[in-house]
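Coordinate inspection notes
Chain by chain, the residues run as shown.
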Amino acid sequence: MARLQAGDVEAFDLLYARYAHPLANFFYQMCFDRTAADDYVQETFLRVWRARQSYRPIGKLSTWLFQIAKHYWFNEREKQKRRPFHAVAGGDDAQSQFAQLPDAQSDFAPEAAASAGELETAIERAVLQLSDKLRAVFVLARYRGLPYAEIAEILEIPVGTVKSRMSLAEKQLRGALGDLLQE
C-alpha cells in the first residue's frame, strides 16, 4: 500500500491481481450477475486508486477494500431504487431479477444436473430475496467465510448486529428453501 500511495502502478496491478477475484465473488453473490459483478469490481478499484492516500495501516488491507466495495454496493443500490422503470438486481421485482440468473446446463447425468441446477437457482433466488443488509452479512459469512468480527468491521456495525442479521438471514432462507431442504 505504501507503494500504491506513492502512485506505483505495478503495486496497483499486484493489488488487483490479489483481490479482484474475491471482490468479484462478493459482488456476484450479492447480485448473481457476472457482468454487473465485474463492473462493480472495476469501479471499486477505481475508488481504491482515488482513495489510496486515505488508507491507514491500522487494520487489514482486505477489510479496507471490502469496506470500499460495501459502500459502493449500497450507494449503487440506493441510486437504483430511486430510478423508476429500472430493475434492481436483488430488488423487489422478482421476475426481472430471476430472468438474469444463469441456467445450469450439463451434458452428463441430465436428472442430476437438472436437480443441481434447480437447487442452485432456488438458493440464488432465496438469497436475492434477503434485504441488502441481511444479504451482505450472509454473503460475507457463508460465501467468503469471514469471522463475525471482521464482518462487523467491514459493515461498520456491532458484532451483535452481525449475529442477529445472520440468524435472521438463515431463518428467512430456511423458510424460503423449506421444501427443498426436506428433500
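Quick summary incoming for the structure in this document. In this text, all values refer to a predicted model and were calculated from it rather than measured experimentally. (Residues numbered from 1 in each chain as written. Predicted model: local features only at pLDDT ≥ 70, side-chain atom pairs only at ≥ 80, totals over all residues. Heavy atoms only, no water.)

Quick word on helix H3 (residues 34-51)
Here H3 is 18 residues long and its end C-alpha atoms lie 25 Å apart, about the 26 Å a rise of 1.5 Å per residue gives. Summarising the contacts, the buried residues of H3 are in contact with helix H1 (2-5), helix H2 (9-31) and helix H4 (61-82). The N-capping residue of H3, defined by a side-chain oxygen 3.1 Å from the backbone nitrogen of threonine 35, is aspartate 33. (Helix = DSSP H or I, 4+ residues; strand = E, 2+ residues; numbered from the N terminus. Expected span 1.5 Å × (residues − 1). Contact = heavy atoms within 4.5 Å. Polar contact = N/O pair within 3.5 Å; in protein donor to acceptor, adjacent residues only side chain to side chain.)

Some details on the nonpolar core
Leu15, Phe26, Phe27, Phe45, Leu140, Ile151 and Leu155 are the most contacted members of the largest nonpolar core, which has 53 residues in total. For this core, the secondary-structure elements that each account for two or more residues are H2, H3, H4, helix H6 (110-129), helix H7 (132-143), helix H8 (148-155) and helix H9 (159-176). The element best represented in this core is H2, accounting for twelve residues. Not counting chain neighbours up to four residues away, the residues in contact with leucine 15 comprise Met1, Leu4, Ala20, Phe45, Val48, Leu61 and Leu65. (Core = buried A, V, L, I, M, F, W, Y, C linked by side-chain atoms within 4.5 Å. Buried < 20%, exposed > 50% of the residue type's maximum accessible area, 1.4 Å probe, protein only.)

Details of the environment of serine 62
For serine 62, the location among the structural elements is in helix H4. As a C-alpha pair, serine 62 and arginine 18 span 44 residues in sequence and 9.9 Å in three-dimensional space. Residues within four places of serine 62 in sequence aside, it is in contact with Tyr19 and Glu150.

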